[in-house]
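In case you want the letters, here they are:
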Amino acid sequence: MTDPTTVMVVDDHPMWRDAVSRDLEAAGFAVVATADGVTTAATRAAATRPDVVLMDMQLPDGTGTDATLRVLAASPDTRVLVLSASSERDDVLEAVKAGASGYLVKTASAAELTAAVRSTADGQAVFTPGLAGLVLGEYRRMSTAPPSTPPAPVLTPREAEVLRLVAKGLAAKQIATRLGVSHRTVESHVQATLRKLQLANRVELTRYAIETGLDE
Amino acid sequence: MTAQPTPEEDPLRPLWRAAQVFRVASFGYAVAVEITSARDYAHPYLSWALVAVEAAWTGVAVVALTLGWHRRAVVAVELALALLLVLSSWVVSPRAFWVTHESLPTTLWCANVVVSFGLLWGPLAGAVVGLVVALAVNLVSSQLTDPPWRDASVPVLVTIGFVLGVLARTATRANDQLRAAVEQRAATEERERLARQVHDGALQVLALVARRQGAVDAELAAMADEQQRALRGYLSQLPAPSPDAPVRAATTHRATLAGTLDVAAALTDLESSAIRVSVPPGPVRLDSHRAEELVAAVHAALHNVAVHAGPEAVAYLLVEDLDEEVVVSVRDDGPGIPQGRLERAAREGRLGVRQSIRGRLAAVGGTAELTTTDGEGTEWELRVPRARGGAR
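Computed from a prediction, not measured in an experiment: that's the story for all the values here. (Residues numbered from 1 in each chain as written. Chains lettered and ligands numbered in written order. Predicted model: local features only at pLDDT ≥ 70, side-chain atom pairs only at ≥ 80, totals over all residues. Heavy atoms only, no water.)

**Q** Help me understand the overall build of chain B, please; the structure alone is not making it clear to me.
**A** Broken down by element type, chain B carries 13 helices and 7 strands. Within chain B, the proportion of its 392 residues that are buried is 44%. A total of about 19800 Å² of accessible surface is found on chain B, and carbon and sulfur atoms cover 61% of it. (Helix = DSSP H or I, 4+ residues; strand = E, 2+ residues; numbered from the N terminus. Buried < 20%, exposed > 50% of the residue type's maximum accessible area, 1.4 Å probe, protein only. Areas by Shrake-Rupley, 256 points an atom, 1.4 Å probe, with all protein chains shown as cover.)

Put into structure tokens, the structure is as follows:
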């Protein structure tokens, strides 16, 4: 038997934390910690090293993006799944660029939530159509922005095609059938789009840190 | 963020400041005239004393009018003072001199009060005071026997007063309009922000109730879930999709920048468990007319999904901003349209909704394409070119 997947729930609302924790426990996950803010999330992630962190976007002492950065710095193997309200899309994109592996709206059902935590723990990006639309738009925005050093990441035509189909709500299997490739190939294209975005963001942050002398 | 024009606290301040530059310059001119003419005066010391009064008043007026202290009182006192100084020509110089020369010791300086009246009370007051001062100048130089318009003072001073009055009115009005526009935009943004918060808050509570009550009271959980859907539907001005619910093809009026509409925001409002919306980060602006036609076409396509794709079908909206054009795809995961049904409907003249979608797009120079496969749902691709000049 393998150990159950460990999860930390970050949200400033106690009732929400309890309800989500109960759903997760019922589905066989081990909720090893909860946190109500950026600072507590970072210290508890360092102490408990959870497999998955469920992250709210609006915290009393910062944003979900801040918390994602600090959690991943404290516990690099942890995967962050953002759980947000539907109007926070642009913030979600920032969190994903900061390293979150996916996002789900808070109104998703308990079944959708547990399925998403399971795929996140398995190392898959939870790519809802909404997130695919944001990432697609972000690549397009970068391609029309003035050239920068280092050059902004670009999508291959195939990756763009896959993202468009995900954004249109097709499941990985349907996309695989349409494009005549394997299910795995579709998954890896999707992963690649996120990884390039996160890598570019890290390079950007590092350069910023060097320029402002924060690396000393 | 683009730089926003901000309304001035005192829109006339720049005009008042410029007027004080003229005041100081015109006083310099009056002093120069005094220096060259004082020896011809009957009472040179008195004339110098009057120039000193003029100097003192120039100082007071420059400070008070620039900073906006008691402008009305200062300008009223100045009118009396300017008239007295003009008329003092009779006292300081012999008759033979003042009938042929400029009024002393004011000369050009007397135009300042005309400027101030125009700025303070508008074109009519400016013109009237211009006329009064010009007549006083003419009176001093005994030209009233001639028609006053023979002398340049009357048209010049009346025009100064009138033009500055118009200028001040225009500046004030423009500033008021700017202020109103800025206030309205702030109010709209605040309303939208509150609506989003209420929306998110209420939806989360309902989702929470549905989640917690699921084990205890299935009926209450179902009600909360239903309310959550209803609220989403209500907020998006679109009834929760049901086969016979009429769709109100109204656009949500999120006019933001003058004449443009954020298509992404308007369509994000449609998000529900039956409608999933994907948009790029940031606003997707189109000029209002094109945006409204596009949003109305999306509503019509969603209506078709609700009617034809069955109660379980989910519609997926994807908004893409391609610089030259905006593309919205509306896909459903319903059974699709069986082969031959479209052709049959066309023969029977039952293509109403499809024609209306195509018509709306064609009217704004765009295209609408429908693809469907039996068993794989239907997909509309709606393309709208951006307005000439690119409203981004």
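**Q** I keep staring at the interface of chain B and chain A and nothing clicks. Help me out?
**A** By convention, interface size is frequently given as the accessible area that disappears when the constituent parts associate. Counting residues at the interface gives 31 residues for chain B, matched by 35 residues for chain A. A buried area of about 2800 Å², summed over both sides, lies between chain B and chain A, and 49% of it is on carbon and sulfur atoms. Here R164 of chain A ties to E381 of chain B by a salt bridge, and the two come within 3.5 Å at their closest N and O atoms. Counting every contact that joins chain B to chain A gives 9 residue pairs in polar contact (both at pLDDT 80 or more). Within the residue set of the side of chain B that touches chain A, elements represented by two or more residues are α8 (153-213), α9 (218-235), β2 (275-278), β4 (315-321), β5 (325-332) and β7 (378-385) of chain B. A breakdown of the residues in the side of chain B that touches chain A according to their chemical character gives 11 nonpolar, 6 polar and 14 charged. (Contact = heavy atoms within 4.5 Å. Buried area = accessible area lost by both parts, 1.4 Å probe. Salt bridge = Lys/Arg side-chain N within 4 Å of Asp/Glu carboxyl O. Polar contact = N/O pair within 3.5 Å; in protein donor to acceptor, adjacent residues only side chain to side chain. Nonpolar A, V, L, I, M, F, W, Y, C, P; charged D, E, K, R; others polar.)

**Q** Which parts of the structure should I look at to understand helix α1 (residues 13-37) of chain B?
**A** Working note: α-helix, 3.6 residues per turn, so residues spaced by three or four point in the same direction. The terminal C-alpha atoms of α1 of chain B lie 36 Å apart, and with 25 residues this matches the ideal 36 Å at 1.5 Å per residue to within 8%. Those residues of α1 of chain B lying buried are W16, A19, Q20, R23, S26, F27, A30, V33, E34 and S37 of chain B. (Expected span 1.5 Å × (residues − 1).)

**Q** Where do I start with the nonpolar core in this structure?
**A** Across soluble globular proteins, you tend to see nonpolar side chains buried next to one another. One finds M8, V10, M55, V71, F127 and V135 of chain A to be the most contacted residues of the largest nonpolar core, which totals 46 residues. Ranked by the residues each element gives to this core, the list is headed by helix α6 (residues 129-144) of chain A, at 7 residues. Other than its neighbours up to four places away in sequence, F127 of chain A contacts A132, V135, L163, V166, V190, T193 and L194 of chain A. Within the second largest apolar cluster, 37 residues are counted, among which are A297, L317, V326 and L382 of chain B. (Core = buried A, V, L, I, M, F, W, Y, C linked by side-chain atoms within 4.5 Å.)

**Q** When you look at the packing of aromatic side chains in this model, what are you seeing that I'm missing?
**A** The description of an aromatic ring pair uses the distance of the two centres, along with the angle that the planes make with each other. Residue and element names in this part refer to chain B. For the structure shown, the criterion picks out 1 aromatic pair over all chains. When the centroid spacing of 5.1 Å and the interplanar angle of 45° are considered together, the rings of F117 and W121 count as tilted. Here the residue F117 and the residue W121 both occupy positions in helix α6 (residues 111-121), the gap between them amounting to 4 residues, near one helical turn. (Phe/Tyr/Trp six-rings, centres within 6.5 Å; stacked < 30°, edge-to-face > 60°.)

**Q** When you look at the environment of T367 of chain B in this model, what are you seeing that I'm missing?
**A** Residue and element names in this part refer to chain B. Relative to the elements of secondary structure, T367 occurs in strand β6 (residues 367-372). Residue classification places T367 among the partly exposed residues on the basis of a relative accessible area of 41%. Taking the C-alpha atoms as reference, T367 lies 6.8 Å from V384; in sequence the two are 17 residues apart. Excluding its chain neighbours within four sequence positions, the residues that come into contact with T367 are L361, E381, L382 and R383.

**Q** Looking at this structure, how should I read the pairing of strand β6 (residues 79-84) of chain A?
**A** On any regular strand, side chains alternate: one points to one face of the sheet, the next to the other face. All names here are of chain A. A large share of β6 lies buried, amounting to 5 of its 6 residues. One ladder, built from 5 bridges, connects strand β3 (residues 52-56) with β6; its direction is parallel. Along β6, the bridge assignment pairs V52 with R79. Examined bridge by bridge, β6 and strand β7 (residues 102-105) share 4 bridges and lie parallel to one another. Looking at β7, one finds that S84 is bridged to V105. (Pairing = 2+ DSSP bridges.)

**Q** Honestly, the confidence of the model for chain B in this entry has me stumped. Any pointers?
**A** It should be kept in mind that the predicted coordinates are not to be read in detail where pLDDT is low. Residue and element names in this part refer to chain B. Looking at chain B, the pLDDT average stands at 77 and 73% of residues meet or exceed 70. Contacts from residues 236-256, a stretch scored under 50 in pLDDT, to residues over four places away or in other chains number 46 contacts. For this predicted complex, the interface confidence score (ipTM) comes to 0.80, while the overall pTM stands at 0.57. (pLDDT = per-residue confidence, 0-100.)

**Q** Looking at this model, I keep getting lost on the environment of A19 of chain B. Mind explaining?
**A** Residues and elements named next belong to chain B. By the element assignment, A19 lies in helix α1. For A19 and N112, which are 93 residues apart along the polypeptide, the C-alpha to C-alpha distance reads 7.6 Å. Beyond its immediate chain neighbours, meaning those up to four positions away, A19 contacts N112, V115 and L119.

**Q** Any chance you could explain helix α8 (residues 172-179) of chain A here in plain terms?
**A** Residues and elements named next belong to chain A. Taken residue by residue, α8 has I175, A176 and L179 as its buried positions. Seen end-on, α8 carries its buried residues on one side only, within an arc spanning 100°. Turned more than 90 degrees from where α8 packs its buried face, K173 and T177 sit exposed. Directly beyond the C-terminal end of α8, a positive phi value near 65° is found at G180. (Arc of directions from axis to C-beta.)

**Q** Mind showing me how you'd approach the layout of surface pockets here?
**A** Gaps left between atoms are located by rolling a probe of water-molecule size over the structure's atoms. Taken as a whole, the second largest pocket spans an internal volume of roughly 1300 Å³. Looking at the second largest pocket, it is lined by 46 residues, and the ones nearest its centre are L104, A108, E112 and T128 of chain A together with R276 of chain B. Elements supplying a minimum of two residues to the lining of the second largest pocket: β7, α5 (110-121), α6, α8 and α9 (183-211) of chain A together with α8, α9 and β2 of chain B. By residue number, the principal contributor to the lining of the second largest pocket is α5 of chain A, which donates 5 residues. Taken together, the residues of the lining of the second largest pocket sort by class into 23 nonpolar, 12 polar and 11 charged. (1 Å grid on protein atoms, 1.4 Å probe; cavity = no way out; pocket = protein on both sides within 12 Å on 5 of 7 lines; lining within 4 Å. Points joined across faces, edges and corners; volume = space filled by probe spheres on them.)

**Q** Help me out: how do you make sense of the sheet that holds β3 of chain A in this one?
**A** Two orientations exist for strands paired in a sheet by backbone hydrogen bonds: parallel and antiparallel. Residues and elements named next belong to chain A. Overall, parallel pairing links the 5 strands, which are arranged β2-β1-β3-β6-β7 in an open sheet. Edge strands, defined here as strands with exactly one partner in the open sheet, are β2 (30-35) and β7. Within this sheet the neighbouring strands show an average axis-to-axis angle of 25°, counted without direction. Relative to β3, strand β1 (residues 6-10) is paired through 4 bridges, and the arrangement is parallel. (Axes fitted to C-alpha atoms, helices over the stretch in contact; angles between N-to-C directions.)

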